[in-house]
Amino acid sequence: MRNYVIIDASEVSSVDFNQVLETSAETLRFSVDGSKTFVKFEGDTPSFLEGKTQYSHSEMLEILAGEEWTSPDGP
Amino acid sequence: MTFILPSFGASAISAVPGGGAFTNTYSLEYDATDDGARVNTPITLSTSSAWTMSVWFKMPSTLGGADRSLFNSTGSDYFRLGSFGAYNYVEVHDGSLRYYVYSSNATFTNWTHLMYAHNGSNSYNFYLNGVLETTLTYTPSNGFDIDWLYGRSGTFPTAGALLDEVAIFDNDQSSNISAIYNGGVAGDLSPYSANLTHWYRMEEGSGSTVANSGSTSSSDLNLQNTPTFSTSVPA
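Residues numbered from 1 in each chain as written. Chains lettered and ligands numbered in written order. Predicted model: local features only at pLDDT ≥ 70, side-chain atom pairs only at ≥ 80, totals over all residues. Heavy atoms only, no water.

> So what's going on with the overall build of chain B? Which residues, and what values?
When its secondary structure is counted, chain B shows 1 helix and 16 strands. Counting over 235 residues, chain B shows a buried share of 57%. Taking as baseline every contact in chain B between residues at least 6 positions apart, the subset at least 24 positions apart corresponds to 67%. Accessible surface for chain B amounts to roughly 8,700 Å². Of this, 48% is attributable to carbon and sulfur atoms. (Helix = DSSP H or I, 4+ residues; strand = E, 2+ residues; numbered from the N terminus. Buried < 20%, exposed > 50% of the residue type's maximum accessible area, 1.4 Å probe, protein only. Contact = heavy atoms within 4.5 Å. Areas by Shrake-Rupley, 256 points an atom, 1.4 Å probe, with all protein chains shown as cover.)

> Run through the environment of Ala86(B), naming residues and quoting values.
All names here are of chain B. On the secondary structure map, alanine 86 appears in the loop between β5 (77–84) and β6 (87–94). The exposed category is assigned to alanine 86, whose relative accessible area is 74%. Considered as a pair, alanine 86 and serine 103 are 17 residues apart in the sequence and their alpha carbons are 9.8 Å apart.

> Tell me about the pairing of strand β10 (residues 131–137) of chain B, and please be specific about residues and values.
In terms of strand pairing, strand β9 (residues 123–128) of chain B meets β10(B) through 6 bridges, oriented antiparallel. Within β10(B), the position partnered with Tyr124(B) by the bridge is Leu136(B). (Pairing = 2+ DSSP bridges.)

> Please set out the pattern of salt bridges residue by residue, giving values where relevant.
In this structure the tally under the stated criterion is 9 salt bridges over all chains. Between Lys40(A) and Asp31(B) there is a salt bridge, with its nearest N and O atoms 2.9 Å apart. Pair noted here: Lys40(A) is in strand β2 (residues 36–42) and Asp31(B) is in strand β1 (residues 27–31), and the two residues belong to different chains. Lys40(A) sits in the buried class, given a relative accessible area of 0%. Judged by its relative accessible area of 11%, Asp31(B) falls in the buried class. Of the charged contacts, one joins Glu165(B) and Arg201(B) as a salt bridge, the two residues approaching to 2.9 Å between their closest N and O atoms. Placement of Glu165(B) in strand β12 (residues 160–169) and of Arg201(B) in the loop between β13 (196–200) and β14 (209–210) is noted, with a sequence separation of 36 residues between them. (Salt bridge = Lys/Arg side-chain N within 4 Å of Asp/Glu carboxyl O.)

> Outline unusual backbone geometry, supporting the account with residue identities and numerical values.
Residue and element names in this part refer to chain B. Even without a glycine there, the phi angle at alanine 32 is positive, about 75°. For asparagine 129, which is not a glycine, the phi torsion comes out positive at approximately 50°. Relative to the helices and strands, asparagine 129 is located in the loop between β9 and β10. Taking the relative accessible area as the measure of exposure, asparagine 129 reaches 7% and is therefore buried.

See below:
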C-alpha cells in the first residue's frame, strides 16, 4: 500500500529519493502556487518523513482534485 | 468542432495476427497522482508524411468532468480525454487547432482502442474501437510532438489509467484498422514491423523503463514516479 506525504517546497532538498517512489526532484508534482509538493512510499516510513501526516491513495486523490493542486487549464 | 454520435457495431473477434506466439500479460498503470512516462527521445510526427498512432487505454473510474491527456508534448500537442454530460469525448489538440470528437462509442472505463492515422496530406482518420468516427481535415503549423505518453510533471492534472500496446507507425494504417483492433483484443503488431517505429508493449512487469519494440533506437520509455504494471490487458 502506498502512503503519501505533503511537504513544503523548501523541504525538497531534504528528500532522500532512494526512500520514496518519486524519481527525482525534477519529477515532483507541485501545487499550483508552487509552495507544496508530495512524495509517496511503500512500507516503513522514511526517517525524514516521520511525524508528518500520511494520506492514503484515495485521500490523496481528493486533495489533488482541489484547486490548490490542479490547474483548470492544464492538459 | 466535430460532433458525431455513431452507433457502436461490435466486430467479430478475429484471429491474433502473427500466430500463437504473441502473449500480452501486462499493461502500465498510473496512480492518478504524479505518475508519468517520458519518451527517451521525443517524437515528432511530420505534417507532410504519413503516420499512425495506436493506443489501448482504460480508465479506472468515470471521468466526472475531469480531463486526462494522452500523448502529451512539452508544447500544445495532445489528445485529451474528457466528458460532457452523458458523452465522453476525445479532444485532438494539434498546436493551436482543436477538434472534439464526442462518441457514444467511448466508454473509457472499458478497454478502449484509439487510432489516429494521418495520410501525409491534410487528412486524419480518427478511430475508436475499430470504428471510423470521423475524418478530420486540417493543416497544422507544426508536426505533432510527443514527449510523454501519459501524465507529466508539473501542476497539470494527471489521472489514473491503464495503457497498453502503444504504437506509432510511419505510414497510414487505416487499411489495417480491423486487424489492429482485432475485435477488442490487443494483437501482435509485428506483421507491420516494417513501419512500426515505436511499440511500447508494457511487458516488463516491473522496473523503471519500458522498452521500445519498434525500430527507432534510443526511444525507450522512462517511467517517472513509479507507475506500476497491471495484469489487466485488452483481451
